[in-house]
Each structure stands twice: as structure tokens, then as C-alpha cells.
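# Fold and geometry: a report
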Amino acid sequence: MGDDRALVRREPEPEPLLVAHEPPLAASFNDRIRPLLDAVDKLRKLMVMKEGIPLPTIVVVGDQSSGKSSVLESLAGISLPRGQGICTRVPLIMRLQHRRPTDSPELHLEFNGKIVNVDNEDHICDAIVSATDEIAGSDKGISNAPLTLVVKKDGVPDLTMVDLPGITRVPVHGQPENIYEQISEMIMEHIRPEESIILNVVSATVDFSTCESIRMSQMVDKTGKRTLAVVTKADKAPEGLLEKVTADDVNIGLGYVCVRNRIGDESYEEARLEEAKLFDMHPQLCKIDKSIVGVPVLAQKLMQIQATIMAKCLPGIVKKINDKLNANVAELNRMPKNLSSVAEAVTAFMQIMGSAKESLRKVLLRGEFDEYPDEKKMHCTARLVEMLNQYYDELQNCPENDLRTNFLLEELEVLEEAKGIGLPNFLARTAFHTLLQRKVKAVSSMPPSFGVRAWDYIEEVVIRELMRHSENYPQLQSWMRRAASNLIHKMREKTTDRMMEIVEMEKLTGYTCSPEYLSEWNKLMTQQYQFMQVINEDYRSTNMVLEGIGPVDVHHLRNHKQLVQQAFDLKMRMAAYWKIVLRRFVDSMALHLPFSVHNLVNEEMEKEMVGELIRPNGSGSIERMLEEAPSVAVKREKLNRSINLLRESAKVVANIMDRIAADGDYSD
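Residues numbered from 1 in each chain as written. Predicted model: local features only at pLDDT ≥ 70, side-chain atom pairs only at ≥ 80, totals over all residues. Heavy atoms only, no water.

This part is about the overall build of the chain. Across its full length, the chain holds 18 helices and 11 strands. In summary, the chain has a C-alpha radius of gyration of 43 Å against a globular reference of 26 Å for 668 residues, an excess of more than 25%. Dimensions along the principal axes, computed over C-alpha positions, put the chain at roughly 140 × 75 × 55 Å. Within the chain, buried positions represent 50% of all 668 residues. Here the analysis covers contacts within the chain between residues at least 6 apart in sequence; of these, 79% occur between residues at least 24 apart. (Helix = DSSP H or I, 4+ residues; strand = E, 2+ residues; numbered from the N terminus. Rg over C-alpha atoms; globule rule 2.2 N^0.38 Å. Buried < 20%, exposed > 50% of the residue type's maximum accessible area, 1.4 Å probe, protein only. Contact = heavy atoms within 4.5 Å.)

In C-alpha cells:
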């Protein structure tokens, strides 16, 4: 179990057993380990493991009919229930404690929060069966609820073990069809923690590698560093046993102990004498090293292993208890106090609004994301910029932005219809305006649509922050969510109206003071001479590439030579101006959104929430905050129970640590 033996006094290996006498199982073990074991047992009784704090435990597992009950009987010196099928149907916690010969034995059971004293050892089987039936029912089913058997008598080792149901694959009458899965799940739950020592009981009559209990222990303890094997029925299959325990083909890191089961009406004293005689005189079994045979050796090994694992785990247990206690106290302190007046409720509500507003300022306005360092969706300013860029790309890629389609045909058609009495070669204003209106109308749904998408995202962020900051008052959350959605709906409508207004303004007036318009138009018009040459000279190829436009075929324009030059000019004016129009759509949204969000966070949200909260007979009546939500009450009660349990546990471990510090003599 490693080098963590600071709390353990190493004891010499037991002397080989002689036939002439019967040594006590608890012979000369260091009495100072008893307080350590008592402390762990108190923690187990407090059920500290339910707080996620595993305790050092010897877990007894074995296939059905492996002799598991016989081994435990030999250690405890009492009879356990036997019979067909599963005898152990609940985790049986066996707490054995050695007493002086002058003290009378004490036996009792602990289960379901009560203690049942057993006045006679002969009655212990019936008491266990009765308690098991009460816990798991009178049929053959199993239960995870523990049953504790306390045995205090002369000669027993100081041990605490958890005996689990024997592994069976075939259900008998009255057992559920999935009995194997239920038992396997229970066993794995107990042997999986690193703090568990696995006492694997196997029969000498079987191939160890075929044992289901060995397979399970290998799944969680591949190197075997916390597995000890007890080989029962050595007298039934002595041939080859020495080779099996020395070859160790199944990785039993803590070694083997071979024992002989009690037979018939033998007393425990007689059984141990017969066991000693067997391993001393049997021609094959006598060759097995005496340090790995006999129930006394098993008891001594278990006590030493138990002491070592407790010494190793105790500092970690202390830390886990303190960490869990501090975390629960902190969580309880973060919970809202019970509000007793409307004034307190209003104060609490304003604190919620204040904290939510500050978080929204961070993520929506200032671009700070310290509250969500790894959640990019909440890096809102960056996400809104991405959405604006995507919006601009959508405008750029819309069909109206493809200048090559039906090149100049639309311009020619408009010029034909805009003709009037006047000087030739003058570009009619109505022609440009007609084309502009058509193009703006074609994209008129895109600005409002983007506004809806942007506010959908903002609504998600706003509601998330409100829910986060009001999580201690779930009775407020439904109406806060509703009020926020109503407010965002209003903001969304304002944005839609604003974008539609901008669309209508673009339809009405073609204007810009940007020098980029004339610069771009002049640049495009430098190609007019080359273009007209292709139109007027029939021998030239009609395919050409125009900068800013792309490849075009102008063959269809040779029949419109009178208006084609004006059409080219009109096309280039619109191409230069359309870039500015698209940018204005994006720029206006880029200015409008932050302004609207600023008003939402700093003014509109609190106004809307307070109005909803104080509205007479409204669903958000301030008095509702005086009612503690059932979920909060349950959580508060659960935390209080956990804190009380952990404080009791902390006292237990503090006492044993104080004793260790005072004695200062637990090392080798």
C-alpha cells in the first residue's frame, strides 16, 4: 500500500501455528489503531460517503458458494445466515472489536436509523435475516441500503469490512431476472474507489482465472495493488494449490491466504485447531509458507492492511471534508436570505437589476468577457461585428449586385421610357431615379431581416443574464423573462421601423457627399471609348472585360447605338453610387444597434421591469419575492443537512488527528 505508514506500528508476522494451543485472532495488535478505526466507523455511520468522500474500506467479494460466509464467520466467531441462493442481500458492514476476556460480548444491528440489540449469539442469524427482510423485502431481491453488524467480543480482530452479495448469474425463484447486473453494479460501486481494499474470496476447487469476482476486481485494480485473495476449501483441493498461489496468474498484489472452512458442528476453536493441523501435516499443504495460511494470519494481514490504508487516506479525508464544508458554507451564504418585508424585497430586486445591468454593459457595450472567458457566444461585441460583416457580404452577393446580367438592357429600357422633348445627349434624372428605386426595392427586405436576427441574439443574451442574476429567486424568473421578451419585441419593432425608413429614404433621394462616388464613376468611364469601339466596329469581337464589371458580351447592344453610350454612362453612375448605398445600409445599422442597446441596458430595461413589478395585481407583484420558492427551500435544507454532517465529521477527524499529534508514536 505504498510508504504511507506514519500512523502504523509494524508488527512481526505471526509465528507458525501449533496444534497444541489456540492463539487469539487479535494477538498483540497495536491498541492505538483502534481509535483510528473507530473514527472511520463514525464517519461511515454519519454517511459521509454520500458527500462524495470515500472512506478506506475492506470490501469482501466472491462468487456464490466460494466460502465467503465461512471466512467471515471464522473472523467474527459467529454464525451468519446460510441457505440456497443469495444469503447476503444488502451490504453487510461488519464492525469487529476485540474485548478483554472479562468483558461480556456485545452484539447489535444498526439499520434504518435504529439499533437492535441481540442478546445471544445463537439468535444473530435470525436477527440478520429479519433486518434484511425489512430493508430489502421478504423476497430474494437485493438493496443498496446497508446493514451494520457490530460484534464486540474476546478474540475477534479489530476490523471493519463490507460484505457484499455473492455473484450469481442464474436467478432462482423470487429473484429478479437482472440479479447479476444488480449485484455487479453494487460490487463495482464499492470496489471502484482507490480507498477500497478488495478481499477476494475464491475456492481452491476452481481455476482462479475463471472467477467472476477476480474479473471484476481486475477491472478496477489492474495491478492488484489493493487486492488480497483468500483461498477457501484448501482441504478439498490440495493438489496444485501451492503452484496456484505462488504463480499468481491473476495479479493479486497483496498476496494470498489459504484457509480451511469450518466443517459441520465444529466449534470455531476446534476448526482453527484442525486448520493448523492440516497445514502442518498434510503432505502437500504443509509445503505452503506458514506466513500465508490460516485464519489468524488472515486476521493479522487484514488488520495491518487496514491500518496502512487508513494512515494513508486520513490526511486526504481531512482535506476533502474541510474543502466540501467550506464549499457548502460558501454556497449557503450565496443563497438569498428569507425576505420578510416589501422593503427588503425591493432592495433585493434592485440588486438583481443592478448586477444584471452591469454584466450586460460588460458583454454588450464594453466588450469585456471576464465573466465568460471561454464561452465565445457571450463575447457579444465581437459576435455583433461578425453579424454585421455577414450582413454586408449578403448585400454584396445579392442578385442586384451582379452588374453583368443582361448588361445595359435595363438601362436602355429606362432611357427609352424617359425620353422627352429637349436637347440631345442629356441624361434624364428620372432614368437614374427609376433604376435606383428598382434596386433598393429588390433589397428592401434585407435590412429589417438583419435587425430581427440581431435582436434575437441580443434577447438571448439579455434573458440569460437576467436568469443568472435572479437564480436565487425562481419565483421572479418567469415574469422577468416575459417582461424582457416584451421589451426586446418593442426594440425589435423600432429597429424594423428605422430600417424601413432608411430604405424609403434611399428610394426617394439619390445623394452623397462622398468624393468616392465621382472618383469611382470617372474610373469606370475611362473604359467608355474602348466600349464604344467594340459597339461601332462590327468586325471586333463582342466579348470584353470591363474593370469593376467583369466579362460581358455586348453583341446585343449593336442594335441600340443611339442610346448605348448614355446607357453605359447610366450604368457606371449606378455602379459607383450603389456601393455607397449598400455601405449606408450597413453603417446605419452599425450606428443604430449600439445606440439602441445602450438605451435598453441603461434606461429601458429597468423601467420596464420596475413597471411590471409594481403593476397592481400584476403577475410580477413585489410580494411574490417574500415567498421562498420550493426549489430554493429544498436546496437550503439540503445544504444545512450537509453542513451539519460535515461539521460532525470534521470533529471526528480533528479528535483523532489531535490524538495522533499528542501520542507522536505511530511510526515504525
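Here the focus is the packing of aromatic side chains. Counting across every chain of the model gives 7 aromatic pairs. Following the ring pairs from residue to residue traces out a cluster consisting of Phe407, Phe531 and Phe568. The ring of Phe208 is capped by Lys244, whose NZ or CZ atom sits 4.4 Å from the centre of that ring. (Phe/Tyr/Trp six-rings, centres within 6.5 Å; stacked < 30°, edge-to-face > 60°. Lys NZ or Arg CZ within 6 Å of the ring centre and 35° of its normal.)

Across the chain, the average pLDDT comes to 85, with 91% of residues at or above 70. At the level of individual helices and strands, the chain shows its lowest average pLDDT in helix H1 (residues 33–45), which scores 81, and its highest in helix H13 (residues 446–469), which scores 95. (pLDDT = per-residue confidence, 0-100.)

Taken together, the buried positions of helix H5 (residues 212–220) are Glu212, Ser213, Ile214, Met216, Ser217 and Val220. Where H5 is buried, its residues meet strand E1 (57–62), helix H4 (179–191), strand E7 (196–203) and strand E8 (227–232).

Here we take up helix H10 (residues 380–396). The end-to-end C-alpha distance of H10, which contains 17 residues, comes to 24 Å, matching closely the 24 Å that a straight helix rising 1.5 Å per residue would cover. Taken residue by residue, H10 has Cys380, Arg383, Leu384, Met387, Leu388, Tyr391 and Leu395 as its buried positions. Relative to the axis of H10, the buried residues are bounded by an arc of 145° and lie together on one face. (Expected span 1.5 Å × (residues − 1). Arc of directions from axis to C-beta.)

Before going further, it helps to examine a nonpolar patch on the surface. Side chains of Val342, Val346 and Met350 sit close together on the surface and give an oily, nonpolar patch of about 200 Å² of accessible area. Mapped onto the secondary structure, Met350 falls in helix H9 (residues 342–366). Given a relative accessible area of 33%, Met350 falls into the partly exposed group. (Patch = residues over 30% accessible without salt bridge, like charges linked within 9 Å, V, L, I, M, F, W, Y side chains within 5 Å. Areas by Shrake-Rupley, 256 points an atom, 1.4 Å probe, with all protein chains shown as cover. Salt bridge = Lys/Arg side-chain N within 4 Å of Asp/Glu carboxyl O.)

Right, let's get into the pattern of salt bridges. It is possible for side chains of opposite charge to pair when their charged atoms get near one another. Overall, the coordinates contain 47 salt bridges when judged by the stated rule. Among the ionic pairs, Glu358 bridges to Arg361, the shortest N-O distance being 3.3 Å. Taken together, the residues Glu358 and Arg361, both in helix H9 and 3 residues apart, mark about one turn of the helix. A salt bridge links Lys377 to Glu460, with the nearest nitrogen and oxygen atoms 2.4 Å apart.

Next up on the list: the packing of helix H16 (residues 528–536) against helix H17 (residues 561–614). The N-to-C vectors of H16 and H17 enclose an angle of 155°; their axes lie 11 Å apart at closest approach. Viewed along their axes, H16 and H17 adopt a mutual orientation that is roughly antiparallel. For the crossing formed where H16 meets H17, the hand is right-handed. Across the interface between the two elements, Gln528, Phe531, Met532, Ile535 and Asn536 of H16 pack against Lys561, Val564, Gln565, Phe568 and Asp569 of H17. The class makeup of the residues in the contact of H16 with H17 is 5 nonpolar, 3 polar and 2 charged. (Axes fitted to C-alpha atoms, helices over the stretch in contact; angles between N-to-C directions. Parallel < 35°, antiparallel > 145°, perpendicular 65-115°, else oblique. Left-handed = near helix turned anticlockwise from the far one by under 90°. Nonpolar A, V, L, I, M, F, W, Y, C, P; charged D, E, K, R; others polar.)

Bringing the sheet that holds strand E6 (residues 159–163) into the picture now. On the basis of which strands lie adjacent, the open sheet formed by 9 strands has the order E4-E3-E5-E2-E6-E1-E7-E8-E9 and mixed pairing. Edge positions in the sheet fall to strand E4 (114–118) and strand E9 (256–258), since each of these pairs with one other strand and no more. Looking at each pair of strands side by side, their axes are set apart by 25° on average, direction ignored. Sheet analysis places E7 next to E8, joined by 6 bridges and oriented parallel. Each bridged residue has a counterpart across the sheet, and for Ile198 the counterpart in E8 is Thr227. On the sheet, H4 packs against E1, E6 and E7 and is oriented at approximately 150° with respect to E1. (Pairing = 2+ DSSP bridges.)

All right, on to unusual backbone geometry then. Positive phi outside glycine occurs at Met47, with the angle close to 60°. With respect to the helices and strands, Met47 occurs in the loop between H1 and E1. One non-glycine residue, Leu408, adopts positive backbone phi at about 70°. Structurally, Leu408 is set in the loop between H10 and helix H11 (409–417). Overall, Leu408 belongs to the buried group, its relative accessible area being 0%.

Moving on, we come to the pairing of strand E3 (residues 106–111). Of all 6 residues making up E3, 5 are buried, and the element is well covered by its neighbours. Two elements, E3 and strand E5 (residues 147–153), share 5 bridges in a ladder whose sense is antiparallel. When the bridges of E5 are listed, Leu109 appears paired with Leu149. Bridge count for E3 against E4 is 5 bridges, and the pairing is antiparallel. Counterpart to His108 in the pairing with E4 is Asn117. Connecting E3 to the antiparallel partner E4 that follows it, the hairpin turn spans 2 residues, and Asn112 within it adopts a positive phi of roughly 50°.

Counting 94 residues, the largest nonpolar core has Leu364, Phe407, Val462, Leu466, Phe531 and Phe585 as the members making the most contacts within it. Broken down by element, the residue count for this core peaks at 24 residues, all from H17. Counting 74 residues, the second largest nonpolar core, distinct from the first, contains Phe111, Val156, Ala307 and Val318. (Core = buried A, V, L, I, M, F, W, Y, C linked by side-chain atoms within 4.5 Å.)

As a further point, take the side chain of Arg89. The residue Arg89 is located in the loop between helix H2 (68–76) and strand E2 (92–98) in this model. There is a polar contact of 2.8 Å between the side chain of Arg89 and the backbone oxygen of Gly137. (Polar contact = N/O pair within 3.5 Å; in protein donor to acceptor, adjacent residues only side chain to side chain.)

A separate point is the packing of H10 against H13. Between H10 and H13, whose axes approach to 11 Å, the crossing angle comes to 160°. Between H10 and H13, the angle is such that the two are roughly antiparallel. H13 is crossed by H10, and the crossing has right-handed handedness. When H10 is examined against H13, the residues Cys380, Arg383, Leu384, Met387, Leu388, Tyr391, Glu394 and Leu395 are found in contact with a partner set consisting of Met446, Pro447, Phe450, Arg453, Ala454, Tyr457 and Val461. In the contact of H10 with H13, the residues fall into 12 nonpolar, no polar and 3 charged.

Regular strands show a simple pattern: their side chains alternate between the two faces of the sheet. Where burial is concerned, most of E2 is hidden: 5 out of the 7 residues are buried. When E2 meets E5, the two strands line up parallel, connected through 7 bridges. Residue pairing across strands places Arg95 opposite Val150, the latter belonging to E5.

Bringing the environment of Gln396 into the picture now. The residue Gln396 is located in helix H10 in this model. With 158 residues separating them along the chain, Gln396 and Val554 place their C-alpha atoms 24 Å apart. Excluding its chain neighbours within four sequence positions, the residues that come into contact with Gln396 are Asn401 and Leu582. Polar side-chain contacts of Gln396 include one of 2.3 Å to the side chain of Tyr392.

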